[in-house]
Amino acid sequence: MRIGYGFDSHAFTAGVPLVIGGLAIEHPEGLAGHSDGDVLLHAITDALLGAVSAGDIGTFFPPSDPRWKGAASSVFLQTALEEVATAGYKIVNIDTVLVMAKPKIVPIAGELRESVAALLGVKPGEVGIKAKTPEGLNQDNVAVAHVTVLLESLGIPEPVGAMVASAEVDDEIDVVVKTLVGDSRDVSALGRKVTPFDTDDLT
Ligand SMILES: C[C@@](CO)(OP(=O)(O)O)[C@H](O)COP(=O)(O)OP(=O)(O)OC[C@H]1O[C@@H](n2ccc(N)nc2=O)[C@H](O)[C@@H]1O
C-alpha cells in the first residue's frame, strides 16, 4: 500500500470558464492558471505522483512551458495514472477537500464525483468530494484543493521482489525437507527406517 497527498491553489479571475474536477461549472469567474486552472485535478495529479515518489506536476509540466498553455488538466492526470501503473499500483480510493467561498460544492458534489471517478477509472464510491468555506483565512478569491490517495499493489512482483520471494520459498522447502529427513531419522532410531516421502519428487 502507498499513500499520496496533493495540494494546489488558484486565484479566481473573470473571463475564463470555471473547470473543477474536469467539470465545467456555471460561475461568473474561473481559475487563473497556465493550464485550464483545474485546481482539483492538479492536486489529484500531485497526490498520485507523490504516492509513487515520481516528483510533482511542475516537474512533468513546467508552468514556463508554452505547450501547457490552456491545456486540459486531464492530460496531467493521465500522465500521473501512467506513473502509478508503471510503478505497479492501482487506486484504492481518493479523498478530497475543496476550500473556496463560492460556488457551493455540495449541490454539484455528485456530478464532481462522477467526473473525477471517470477520469481516474474508478467507481464514484471510491471518490470523496468535500468542501470548506475559508473562514478566517481572508482568501475568498482563491480556490484550494487538498487530496489524499491510497494505492495498492497490482501484485506484479518486481525482479528483485521475485528473487526475494523465491529465496523465501526455497528456505521454506529447506525447512520442510530437513524436518521430513529428521522425521525419517527419528523413525530409524526406532528400528523402522521409513521415509515419509519420495525425495525424487522434490525439484
Ligand atoms: C498545471 C501547470 C501546467 O503548466 O500550470 P498551472 O495551470 O497550475 O499554472 C503546472 O504543471 C503547475 O505546476 P505547479 O507545480 O503547480 O507550479 P509551481 O507551484 O509554480 O511549481 C513549479 C515547480 O517548481 C517547484 N517548486 C515550487 C516552489 C518552490 N518553492 N520550490 C520548487 O522547487 C515545484 O516542485 C514544481 O516542480
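Everything quoted here is computed from the prediction, not taken from an experiment.

Rules of the game
Residues numbered from 1 in each chain as written. Predicted model: local features only at pLDDT ≥ 70, side-chain atom pairs only at ≥ 80, totals over all residues. Heavy atoms only, no water. Axes fitted to C-alpha atoms, helices over the stretch in contact; angles between N-to-C directions. Helix = DSSP H or I, 4+ residues; strand = E, 2+ residues; numbered from the N terminus. Parallel < 35°, antiparallel > 145°, perpendicular 65-115°, else oblique. Left-handed = near helix turned anticlockwise from the far one by under 90°. Contact = heavy atoms within 4.5 Å. Pairing = 2+ DSSP bridges. Right-handed = clockwise from strand over helix to strand, strands pointing away. UniProt positions renumbered as here; feature names shortened; annotations may be inferred. 1 Å grid on protein atoms, 1.4 Å probe; cavity = no way out; pocket = protein on both sides within 12 Å on 5 of 7 lines; lining within 4 Å. Buried < 20%, exposed > 50% of the residue type's maximum accessible area, 1.4 Å probe, protein only. Points joined across faces, edges and corners; volume = space filled by probe spheres on them.

A word on the packing of helix H1 (residues 39–51) against helix H3 (residues 74–86). Two measures define how a pair of helices packs: the angle their axes make with one another and the distance between the axes. Between H1 and H3, the least distance of the axes is 9 Å, while the angle of their chain directions is 15°. On the basis of their axis angle, the class for H1 and H3 is roughly parallel. For H1 against H3, the interelement crossing comes out left-handed. Mapping the contact onto sequence places Leu41, His42, Ile44, Thr45, Leu48 and Leu49 in H1 and Ser74, Phe76, Leu77, Ala80, Leu81, Glu83 and Val84 in H3.

Here strand S5 (residues 89–99) runs beside strand S6 (residues 127–132); their pairing, made up of 6 bridges, is parallel. Looking across to S6, one finds that Leu98 is bridged to Ala131. Running through helix H4 (residues 109–120), the crossover from S5 to the neighbouring parallel element S6 is right-handed.

What follows covers the pairing of strand S1 (residues 2–14). Across 10 bridges, the pairing between S1 and strand S7 (residues 142–153) is antiparallel. Each bridged residue has a counterpart across the sheet, and for His10 the counterpart in S7 is Ala143.

Quick look at the UniProt feature "binding site: a divalent metal cation" (unreviewed entry) in the protein chain now. Those places that UniProt annotates as "binding site: a divalent metal cation" (unreviewed entry) correspond, in this numbering, to Asp8, His10 and His42. These residues run over 35 residues, yet every pair of their C-alpha atoms falls within 10.2 Å of each other. As for the annotated residues named above, the ones lining the largest pocket are Asp8, His10 and His42. Note on placement: Asp8 falls in strand S1. We classify Asp8 as buried; its relative accessible area is 17%. Ignoring any residue separated from it by four or fewer positions in sequence, one finds Asp8 in contact with Val39, His42, Ala43, Ala143, Val144 and Ala145. Structurally, the position occupied by His42 is in helix H1. His42 sits in the buried class, given a relative accessible area of 6%. Excluding residues that lie within four positions of it along the chain, His42 makes contacts with Asp8, His10, Ser35, Asp36, Gly37, Ile57, Ser73 and Phe76.

This part is about the layout of surface pockets. Estimates place the volume of the largest pocket at around 220 Å³. Forming the walls of the largest pocket are 13 residues, and the residues nearest its centre are Ser35, His42, Ile57, Phe61 and Pro63. Within the residue set of the lining of the largest pocket, elements represented by two or more residues are S1 and helix H2 (57–60).

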